[in-house]
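What follows is the residue order along each chain.
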Amino acid sequence: MKHPAQPAAPDIAVKNSDGEKTLYIDGSQAMQEWEAPLMRRSAEVLCRDGGVFLECGLGFGLSAVAIAEQPNVKKHTVVEVYDEVIQDFKKSAPNLPDNLEVVHADFFEYIESIPTGTIDGIMLDPWLPKAMRDDAEWWDTLMREQITRVLAPGGHFMSFFVTEPTLEPRWEPYFDEILIERHAYDSYSTTSYLEGRPSGIAYLQRFTNRH
Ligand SMILES: C[S@@+](CC[C@H](N)C(=O)[O-])C[C@H]1O[C@@H](n2cnc3c(N)ncnc32)[C@H](O)[C@@H]1O
């Protein structure tokens, strides 16, 4: 289910200035390091029951390493589509946990190879162009045919935090239990993806199917 709008070879840059670290993809801010506490907390919430985990999007590897380090995580596979992101991560984090595997692939293709009911938790945090973000039919197919298929009964799904106390409509219809945690955040003065809210409340949402 690779999306035709997935950029094949975008311009990737990591900029570190005044203690602020940002990943740019085609000139857009894709990740910033101030998100570290939210990423770590997401990992703690996602992995409470332990098991085998799968993640879309490496970025700085903050959530990937945090997931691998949670107690009773047997294996964590993080899938990243751009090799430059993987090389940059490996340079900045040479000693990775033994249970962490970094796979170079398009997550949306890779997930089709995962056997049914074998994953205890999924973290989905890719940076995607608008044509992909807005393709409701494609998300519906992904959620129905892949995400809910690979999850084991009682498995959990999490995605990026939201800054409004509303359920993310792309995930809500496919699960029967939702846990929400609120956390104060403080971004950088340069952050452009929070719609004018440099600080505020971030809502972490963990979606579960009981059966
Ligand atoms: C917001 S960052 C992830 C941040 C990460 N959670 C962390 O803690 O650092 C998004 C990442 O998704 C990757 N990405 C975009 N499309 C993808 C795809 N189809 N498959 C896998 N990774 C993808 C981007 O290259 C980028 O590294």
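None of these values were measured; they are calculated from a predicted model. For every chain, the first residue of the written sequence is number 1, and numbering continues from 1 onward in sequence order. With pLDDT at 70 or above as the cut-off, local features in this predicted model cover only qualifying residues; side-chain atom pairs require 80 or more to be listed or tallied, and sums for whole chains, interfaces and linings still use all residues.

Peer 1: I would appreciate a short explanation of the overall build of the protein in the present structure.
Peer 2: Secondary structure follows DSSP: runs of H or I at least 4 residues long count as helices, runs of E at least 2 residues long count as strands, and numbering of each begins at the N terminus. Looking only at helices and strands, the protein features six helices and 10 strands. We compute the radius of gyration from the C-alpha atoms alone; for a globule the expected value is 2.2 Å times N to the 0.38, where N is the number of residues. Rg of the C-alpha trace for the protein: 16 Å, near the compact-globule value of 17 Å for 211 residues, within the 12% margin. With C-beta atoms placed from the backbone, a residue counts as buried when 20 or more other C-beta atoms lie within 10 Å of its own, as exposed when 12 or fewer do, and as partly exposed for counts between those limits. A buried classification covers 31% of the 211 residues belonging to the protein. Long-range pairs, those at least 24 residues apart, make up 70% of the contacts in the protein with a sequence separation of at least 6. Throughout, a residue-residue contact means that the two C-beta atoms, derived from backbone geometry, are no farther apart than 7 Å.

Peer 1: Would you mind showing me how to read the site of the ligand here?
Peer 2: Nearness here has a simple definition: the residue's C-beta atom, placed using the backbone, must lie within 6 Å of the molecule or strand. Near the ligand you find 25 residues, and of these Gly57, Gly59, Leu62, Ser63 and Phe107 are the closest. Counting residues per element, the ones that place at least two in the shell around the ligand are strand S3 (28-32), helix H2 (62-69), strand S5 (73-80) and helix H4 (107-110). In the shell around the ligand, the residues fall into 17 nonpolar, five polar and three charged. Residues are grouped as follows: Ala, Val, Leu, Ile, Met, Phe, Trp, Tyr, Cys and Pro are nonpolar; Asp, Glu, Lys and Arg are charged; every other residue, Gly included, is polar.

Peer 1: Help me out: how do you make sense of the environment of Glu164 in this one?
Peer 2: By secondary structure assignment, the location of Glu164 is in the loop between strand S8 (151-159) and strand S9 (177-186). Judged by the 12 C-beta atoms lying within 10 Å of it, Glu164 is exposed. As for Glu164 and Ala202, which are separated by 38 residues in sequence, their C-alpha atoms are 7.4 Å apart.

Peer 1: Quick question: what am I supposed to make of the pairing of S9 here?
Peer 2: Here is the key point about a regular strand: its side chains alternate between the two faces of the sheet. Little of S9 is tucked away, with zero of its 10 residues classed as buried. Bridge count for S9 against strand S10 (residues 199-208) is 10 bridges, and the pairing is antiparallel. In the sheet register, Ile180 faces S10, and the bridge partner there is Gln205. Any two strands between which DSSP finds at least two bridges are classified as paired.

Peer 1: Help me understand unusual backbone geometry, please; the structure alone is not making it clear to me.
Peer 2: Trans is the prevailing form of peptide bonds, just as negative phi is the prevailing case for residues other than glycine. A positive phi is found at Asp26, a non-glycine position, where the angle reads about 50 degrees. Residues other than glycine seldom take positive phi values, yet Glu195 does so here, at roughly 45 degrees. Examined against the element boundaries, Glu195 turns out to sit in the loop between S9 and S10.

Peer 1: I would appreciate a short explanation of the sheet that holds strand S4 (residues 51-56) in the present structure.
Peer 2: Whether parallel or antiparallel, the strands of a sheet pair through hydrogen bonds between backbone atoms. Here seven strands make up an open sheet; going across it, the order is S6-S5-S4-S7-S8-S10-S9 and the pairing mixed. If you trace the sheet from one side to the other, it starts and ends with strand S6 (100-104) and S9, each paired once. For this sheet the average axis-to-axis angle between neighbouring strands, irrespective of direction, equals 20 degrees. As paired strands, S4 and S5 are joined by six bridges and run parallel to one another. Within S5, the position partnered with Phe53 by the bridge is His76. To get an axis, a line is fitted to the C-alpha atoms, and for a helix only the part in contact is used. The angle between two axes follows their N-to-C directions and goes from 0 to 180 degrees. Running at roughly 115 degrees to S8, helix H6 (residues 136-150) makes contact with strand S7 (119-124) and S8 of the sheet.

Peer 1: Which parts of the structure should I look at to understand the sheet that holds S3?
Peer 2: On the basis of which strands lie adjacent, the open sheet formed by three strands has the order S1-S2-S3 and antiparallel pairing. The sheet is open, and its two edges are formed by strand S1 (12-17) and S3, each paired on a single side. The sheet shows a mean angle of 30 degrees between the axes of neighbouring strands, taken without regard to direction.

Peer 1: Is there a simple way to explain the nonpolar core in this structure?
Peer 2: Each nonpolar core comprises buried Ala, Val, Leu, Ile, Met, Phe, Trp, Tyr and Cys residues, the members being joined through C-beta atoms within 7 Å. In terms of nonpolar packing, the biggest core is built from 41 residues, with Ile67, Ile122 and Phe157 touching the most fellow members. No other element matches H2, which puts five residues into this core. If sequence neighbours within four positions are ignored, Ile122 has contacts with Leu54, Ile147, Leu151 and Phe157.

Peer 1: What exactly am I supposed to notice about the environment of Tyr24 here?
Peer 2: Relative to the elements of secondary structure, Tyr24 occurs in strand S2 (residues 20-25). Overall, Tyr24 belongs to the partly exposed group, with 16 C-beta atoms counted inside 10 Å. Sequence separation of Tyr24 and Val14 is 10 residues, and the distance between their C-alpha atoms is 6.2 Å. Contact partners of Tyr24, with chain neighbours within four places excluded, come to Ala13, Lys15, Gln29 and Ala30.

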